[in-house]
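Listed here are the chains, written in short residue letters.
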Amino acid sequence: MNFSNIQPPFLNPVVPFTGSIQGGLQDGLQITLNGIVLHSGGTRFAVNLQNGLGDQNIAFHFNPRFEEGGYVVCNTKTKGSWGPEERNMHMPFQRGNPFQLSFLVQSKEFQVSVNGNFFLQYIHRVPFHQVDAISVTGAVGLTNISFQPSGFWKATTAPMTQTVIHTVQSAPGQMFSNPVIPPVMQSGPTYPIPYFTSIPGGLYPSKSITVSGMVLPSAQRCGSCVKIIA
Ligand code: GAL
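Residues numbered from 1 in each chain as written. Predicted model: local features only at pLDDT ≥ 70, side-chain atom pairs only at ≥ 80, totals over all residues. Heavy atoms only, no water.

Undergrad: Would you mind going over the sheet that holds strand E13 (residues 140-148) with me for this structure?
TA: The sheet built from six strands is open, its strands ordered E1-E13-E3-E9-E10-E11 with antiparallel pairing. Edge strands, defined here as strands with exactly one partner in the open sheet, are strand E1 (10-11) and strand E11 (117-123). As paired elements, strand E3 (residues 30-37) and strand E9 (residues 98-105) share seven bridges and run antiparallel to each other. If you follow isoleucine 31 over to E9, its bridge partner there is phenylalanine 103. (Pairing = 2+ DSSP bridges. Helix = DSSP H or I, 4+ residues; strand = E, 2+ residues; numbered from the N terminus.)

Here it is, written out as structure tokens:
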């Protein structure tokens, strides 16, 4: 698999955000947004997969609205005119909560997943290869937008080569008793890189964080870090 022409991620994009997608959309491409729904900045946010950096031609407008119990509007805008709305009366996002939102491009539709769970599909109204930009607006903060091309998942679910175990210590040199977990060969869920997530319960002595993965042939360096976000 050649990963050299992957669109690099947008890191900490400031909303409202618009960015080009190099090479446009391809069948099998997955776009993943990690972020948090804000309490401020209105009652809606939107992700638009669109043609160009303007807002006149939007192939897929994905628009969660925290109104009337919460629902999600999907639509297409062509030459400035909205088409008929498709409304999903479920709300998979919660204000104040982090989320992971993925758009998988398939030949007939976009498949949308939220926090790893399939949420809805949207049948293409315009050819998806017209899409060459993404924009995000509204009450949302983003840590990253990343792109996983077709074949990425197959390549990254190859047998694991290494398991790294970080153990939290209470003070330098003082290690709390922790069951010895030998490095194991295992496969499990895969995540888009760069991957950001919160740590439920935070850190405390004896807590272990295990990072398993495969170093890509094209890799020059890789790493992990734990950030404290106040
Ligand atoms: C309109 C709204 C637009 C867009 C559109 C979708 O009412 O002003 O921002 O969400 O609905 O159909």
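Undergrad: Explain the confidence of the model for the chain here, please?
TA: Predicted coordinates in areas of low pLDDT are best not read in detail. Per-residue pLDDT for the chain averages 81, and the proportion of residues at 70 or more is 67%. Confidence drops under pLDDT 50 across residues 158-187; counting only partners more than four residues distant or on other chains, this segment forms 51 contacts. (pLDDT = per-residue confidence, 0-100. Contact = heavy atoms within 4.5 Å.)

Undergrad: Looking at this model, I keep getting lost on the packing of aromatic side chains. Mind explaining?
TA: How two aromatic rings sit relative to each other is given by the distance of their centres and the angle of their planes. Inspection of every chain in the model, using the stated rule, returns 12 aromatic pairs. Aromatic side chains phenylalanine 60 and phenylalanine 110 sit 5.1 Å apart centroid to centroid with 15° between the ring planes, which places their arrangement in the stacked category. Highlighted residues: phenylalanine 60 in strand E5 (residues 58-65) and phenylalanine 110 in strand E10 (residues 109-114), separated in sequence by 50 residues. Of the two residues, phenylalanine 60 and phenylalanine 110, both sit in the buried class. Ring geometry for phenylalanine 62 and phenylalanine 103: centres 5.5 Å apart, planes at 85°, overall edge-to-face. Here the residue phenylalanine 62 occupies a position in strand E5, and phenylalanine 103 occupies one in strand E9, the gap between them amounting to 41 residues. For the pair formed by phenylalanine 62 and phenylalanine 103, the shared burial category is buried. Taken together, the ring pairs in this structure connect Phe45, Phe60, Phe62, Phe93, Phe99, Phe103, Phe110, Phe119 and Tyr122 into an aromatic cluster. (Phe/Tyr/Trp six-rings, centres within 6.5 Å; stacked < 30°, edge-to-face > 60°. Buried < 20%, exposed > 50% of the residue type's maximum accessible area, 1.4 Å probe, protein only.)

Undergrad: Could you clarify how one ought to interpret the pairing of E10 in this entry?
TA: Every regular strand shows the same layout, with side chains that alternate between the two sheet faces. Where E9 meets E10, five bridges bridge the pair, whose relative direction is antiparallel. Across the sheet, phenylalanine 103 pairs through a bridge with valine 112, a residue of E10. The hairpin turn running from E9 into E10, its antiparallel successor, is three residues long. Pairing of E10 with E11, which is carried by six bridges, proceeds in the antiparallel orientation. When the sheet's bridge partners are listed, serine 113 is paired in E11 with phenylalanine 118. Counted between consecutive antiparallel strands, the loop separating E10 from E11 contains two residues, among which asparagine 115 sits at a positive phi close to 50°.

Undergrad: In this structure, what is going on with the site of the ligand? I would like to understand it.
TA: Surrounding the ligand, one finds His61, Asn63, Arg65, Val73, Asn75, Trp82 and Glu85. Contact distances for the ligand include 3.1 Å between an oxygen atom and a side-chain N or O atom of asparagine 63. Taking asparagine 75, its side chain carries an N or O atom lying 2.8 Å from an oxygen atom of the ligand. Protein contacts shield 62% of the accessible area of the ligand, which totals 310 Å² for the unbound molecule. Contributing elements (two or more residues each) for the shell around the ligand: E5 and strand E6 (71-78). With three residues, E5 is the single largest residue contributor to the shell around the ligand. In terms of residue class, the shell around the ligand is made up of two nonpolar, three polar and two charged. (Near = heavy atom within 4 Å. Polar contact = N/O pair within 3.5 Å; in protein donor to acceptor, adjacent residues only side chain to side chain. Areas by Shrake-Rupley, 256 points an atom, 1.4 Å probe, with all protein chains shown as cover. Nonpolar A, V, L, I, M, F, W, Y, C, P; charged D, E, K, R; others polar.)

Undergrad: Help me understand the pattern of salt bridges in this model?
TA: Two side chains bearing opposite charge may form a pair once their charged atoms approach each other closely. Evaluated as defined, the whole model comprises four salt bridges. The shortest N-O distance in the salt bridge between arginine 65 and glutamate 85 comes to 3.8 Å. Taken together, the residues arginine 65 in strand E5 and glutamate 85 in the loop between strand E7 (81-82) and strand E8 (86-88) connect sequence positions 20 residues apart. With relative accessibility at 39%, the residue glutamate 85 sits in the partly exposed group. In this structure, the salt-bridge partner of arginine 87 is glutamate 85, at a minimum N-O distance of 2.8 Å. Through salt bridges with shared partners, one network takes in Arg65, Glu85 and Arg87. (Salt bridge = Lys/Arg side-chain N within 4 Å of Asp/Glu carboxyl O.)

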